[in-house]
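# Observations on the three-dimensional arrangement
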Amino acid sequence: MGGQAKAKLAQESENLKIALQENLREIAKSDQQEIATEWTIEDSEHLYRIKGWGEPYFSINTVGHVTVSPEGDRGGSLDLYELVESLRRRNIGLPLLIRFSDILADRIERLNACFAKAIARYNYPNVYRGVYPIKCNQHRHIVESLVRYGKPFQFGLEAGSKPELMIALATLEPAENPQNNQSPLLICNGYKDREYIETALLATRIGLKPIIVIEQLKEVDIAIEISRQFGIKPILGVRAKLSSKGIGRWGNSSGERAKFGLTIPEILAVVHRLQASEMLDCLQLLHYHVGSQISSITVVKDAIREAAQIYGELVNLGASMQYLDVGGGLGVDYDGSKTNFYVSKNYNMQNYANDIVAEVQEACAERNIAAPVLISESGRAITAHHSVLIFDVLGSSEVPRTPSLPGTEKEHLIVRNIRETYNLINEENYQETFHDAMQFKEEAISLFNFGYLSLKERAKVEEIYWACCGKISEIVKKQDYVPDDLEDLEKIMASIYYVNLSVFQSAADAWAIDQLFPIMPIHRLTEEPTQKGILADLTCDSDGKIDKFIDLKDVKDVLELHPLKAEQSSSNNVDSKDPYYLGMFLVGAYQEIMGNLHNLFGDTNVVHIKMNPKGHQIEYLVKGDTITEVLGYVQYNGEDLLETIRHRTEQALQDNRITLEEAQLLLQDYERSLRRYTYLVDSH
Ligand SMILES: *Cc1c(COP(=O)(O)O)cnc(C)c1O
């Protein structure tokens, strides 16, 4: 091909490229127009993925508020925003944990219904008897409610320690006729000493049905000895270390090197010791626990397959096996993605029940042995949904997006340079100008460090730098493809929303193990959330923030939020009349008890809401810690502290360093604060 032809071809392809780009721009423009149409609640639903994680309990109503249907699809619903407003009018301040008791009831019913359905479907010749693992949320009202709601299903309790055993013993109701096999089970797990085993065994005498699960070899000897001493025939179980491993966060709590349970040789040793004491008929249960929040159904299947075989072998060895306890692990879909991502799960409750029932059914049929009572210790799946944490935004700080003053000729060269960069930014050069701006900013800092740039000039450079980032991010938003080096721009530009909350107290797992909880505004959902931000909590700890949010794929670094109304945006204005409420959902499992007193922010206020024919009522109100209470946890006595302050003001008065009014005010404030909630109090 001649030089001319080549040039012509190049010209043609260049023309084609330009035409293509124009086309693309047209398409982008029409997309833009679509975006410009009014924001709807469907957009909010989609953005916050509420259907994915919230169904059937949480949704959005026509006025753009989150609503709660505590009885799932079967009952009424209430407006969460209105509820919070009405609670605040009763002086119940934020942050506030709202529990919906009816959700607990619904979860228990659902779990039992799923197993009942699976049992019918596979003609499984035995029953399901769930137990609630107390460690998941030990609060009295919850355990009591669960025992009450669980009664029709003979739902029992699982204790993993001596204190939990003590709760179980007093909370579980003895069967009227313990002989008829209708009593709820009391599964006794965890490491046990003599006292634990003795207490558990004697519980038989008050009509309970304890099953002592052997987790360490020496426990079997103690159990044998105590049962002889009292002449009580115990029901014993063994916890097996399965070799099938969980994947994900708790993968290590199973497998041969797991912390808990007996290896196969140890299980055989238990069998022999019981045999030698003529107590092999006491061994009736096989238990395993692969770990919490199992994300993949494959793990569930592998574990039950292995356990069913061990169960069959124990029958063959002569144990009077009756129960197969599959432990916890039934997951919760925190991001609503229905995947095996660690905060999600790729199966539903019915799949879980089906797989367990089908596997055990098949294994027992093959061996021609009686099918066991199936037990699961599902905690997370029962309690996670029922609690919502509501907190308010105290203020926000945004990155400035427009450089203030117009430039002057007399400005420092570096200021002029970066200002020029700002003016030059366009759709063609945004990537290049981003790097220029970054470089000028870094140069400015070096100049400042050597004393060649004043504080005012440095401020200008930084301000213009942010403005460059803002302008570039507007351009990036319109592109289908974001270059790698600009991916962090969104994070750089994120606003900070200051929230009245301690992550360490209320969402410990978010801090400790990167757990994600769905977070969203509970009102203004008919408005487009035009800001992107992260949340910073009240503690003076740089980890006291939330900067990872649920997304369909993976995790996102910023959350879409609404701009604060005028009064709120002036930082830390807690007297705002137009509050912005955020909800953190699915926090009913593990968070409260794992929470800690970082910076001495204590327990939050808690209300239990129960639906009734007229709407809803407050079932219980548990006031959060006062400052005196948290000071007490670290051995300070409020009265003593006050006394010291009194002394000091007295001294200052005598020395004329304080006026009488000031002294009175200081003492009044101090005294009042001691009785106050540890969080920021508003005068709503
Ligand atoms: C933690 C635990 C459970 C509860 O697990 P979930 O995943 O919350 O259902 C059940 N059994 C044992 C032995 C546990 O340690």
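Quick caveat, the model's predicted, so the values are computed rather than measured.

With respect to topology, three strands assemble into an open sheet ordered S1-S2-S3, the strand pairing being antiparallel. Looking at which strands have only one partner, the edges of the open sheet turn out to be strand S1 (58-60) and strand S3 (78-79). When S1 meets strand S2 (residues 66-68), the two strands line up antiparallel, connected through three bridges. Pairing of Ile 60 across the sheet is with Val 66, part of S2.

Running from N to C, helix H23 (residues 638-654) and helix H24 (residues 660-675) point in directions that differ by 175°, and their axes come no closer than 10 Å. By the angle between their axes, H23 is roughly antiparallel relative to H24. Counting all contacts with H23, which are made through Gly 638, Leu 641, Leu 642, Ile 645, Arg 646, Thr 649 and Leu 653, the residues of H24 involved are Leu 660, Ala 663, Leu 666, Leu 667, Tyr 670, Glu 671 and Leu 674. Its residues placed into classes, the contact of H23 with H24 shows 10 nonpolar, two polar and two charged.

With that settled, the discussion passes to the UniProt feature "modified residue: N6-(pyridoxal phosphate)lysine" (unreviewed entry) in the protein. Within the UniProt annotation, "modified residue: N6-(pyridoxal phosphate)lysine" (unreviewed entry) is assigned to Lys 135. With respect to the secondary-structure elements, Lys 135 resides in the loop between strand S5 (131-133) and helix H6 (140-150). If we ignore the near neighbours within four places in the chain, the residues touching Lys 135 are Glu 164, Tyr 590 and Ile 593.

Volume-wise, the second largest pocket comes out at about 710 Å³. Along the walls of the second largest pocket sit 31 residues, with Lys 135, Arg 239, Phe 260, His 289 and Tyr 590 positioned nearest its centre.

Before going further, it helps to examine the site of the ligand. Around the ligand there are 16 residues in total, and Lys 135, Ser 292, Glu 377, Gly 379 and Tyr 590 lie nearest to it. Contact between the ligand and Glu 377: a nitrogen atom at 2.5 Å from a side-chain N or O atom of the residue. Here an oxygen atom of the ligand sits 2.7 Å away from a polar atom, N or O, in the main chain of Gly 379. Comparing atom positions with the cavity grids shows the ligand to sit within the second largest pocket. Here the residues of the shell around the ligand are counted per class, giving two nonpolar, nine polar and five charged.

What follows concerns a nonpolar patch on the surface. Where nonpolar side chains cluster on the molecular surface, the patch consists of Ile 264, Leu 268 and Leu 317 and spans about 220 Å² of accessible area. Mapping Leu 317 onto the fold places it in the loop between helix H11 (297-316) and strand S11 (323-325).

In this fold, Val 271 is placed in helix H10 (residues 264-276). Owing to a relative accessible area of 2%, Val 271 belongs among the buried residues under this scheme. As a C-alpha pair, Val 271 and Leu 314 span 43 residues in sequence and 8.4 Å in three-dimensional space. Once residues lying within four places of it in the same chain are set aside, the contact partners of Val 271 are Leu 280, Leu 283, Leu 314 and Leu 317.

Side chains of strand S21 (residues 581-584) alternate between two faces, with Tyr 581 and Gly 583 and Leu 582 and Met 584 buried alike. Note: strand S13 (residues 387-397) against S21, four bridges, orientation antiparallel. Its bridge partner lying in S21, Ile 390 is registered against Gly 583. Where strand S15 (residues 519-521) and S21 come together, three bridges link them in antiparallel fashion. Residue pairing in the sheet places Ile 519 in a bridge with Met 584 of S21.

Analysis parameters
- Residues numbered from 1 in each chain as written.
- Predicted model: local features only at pLDDT ≥ 70, side-chain atom pairs only at ≥ 80, totals over all residues.
- Heavy atoms only, no water.
- Pairing = 2+ DSSP bridges.
- Helix = DSSP H or I, 4+ residues; strand = E, 2+ residues; numbered from the N terminus.
- Axes fitted to C-alpha atoms, helices over the stretch in contact; angles between N-to-C directions.
- Parallel < 35°, antiparallel > 145°, perpendicular 65-115°, else oblique.
- Contact = heavy atoms within 4.5 Å.
- Nonpolar A, V, L, I, M, F, W, Y, C, P; charged D, E, K, R; others polar.
- UniProt positions renumbered as here; feature names shortened; annotations may be inferred.
- 1 Å grid on protein atoms, 1.4 Å probe; cavity = no way out; pocket = protein on both sides within 12 Å on 5 of 7 lines; lining within 4 Å.
- Points joined across faces, edges and corners; volume = space filled by probe spheres on them.
- Near = heavy atom within 4 Å.
- Polar contact = N/O pair within 3.5 Å; in protein donor to acceptor, adjacent residues only side chain to side chain.
- Sits in = over half its atoms within 2 Å of the grid points.
- Patch = residues over 30% accessible without salt bridge, like charges linked within 9 Å, V, L, I, M, F, W, Y side chains within 5 Å.
- Areas by Shrake-Rupley, 256 points an atom, 1.4 Å probe, with all protein chains shown as cover.
- Salt bridge = Lys/Arg side-chain N within 4 Å of Asp/Glu carboxyl O.
- Buried < 20%, exposed > 50% of the residue type's maximum accessible area, 1.4 Å probe, protein only.

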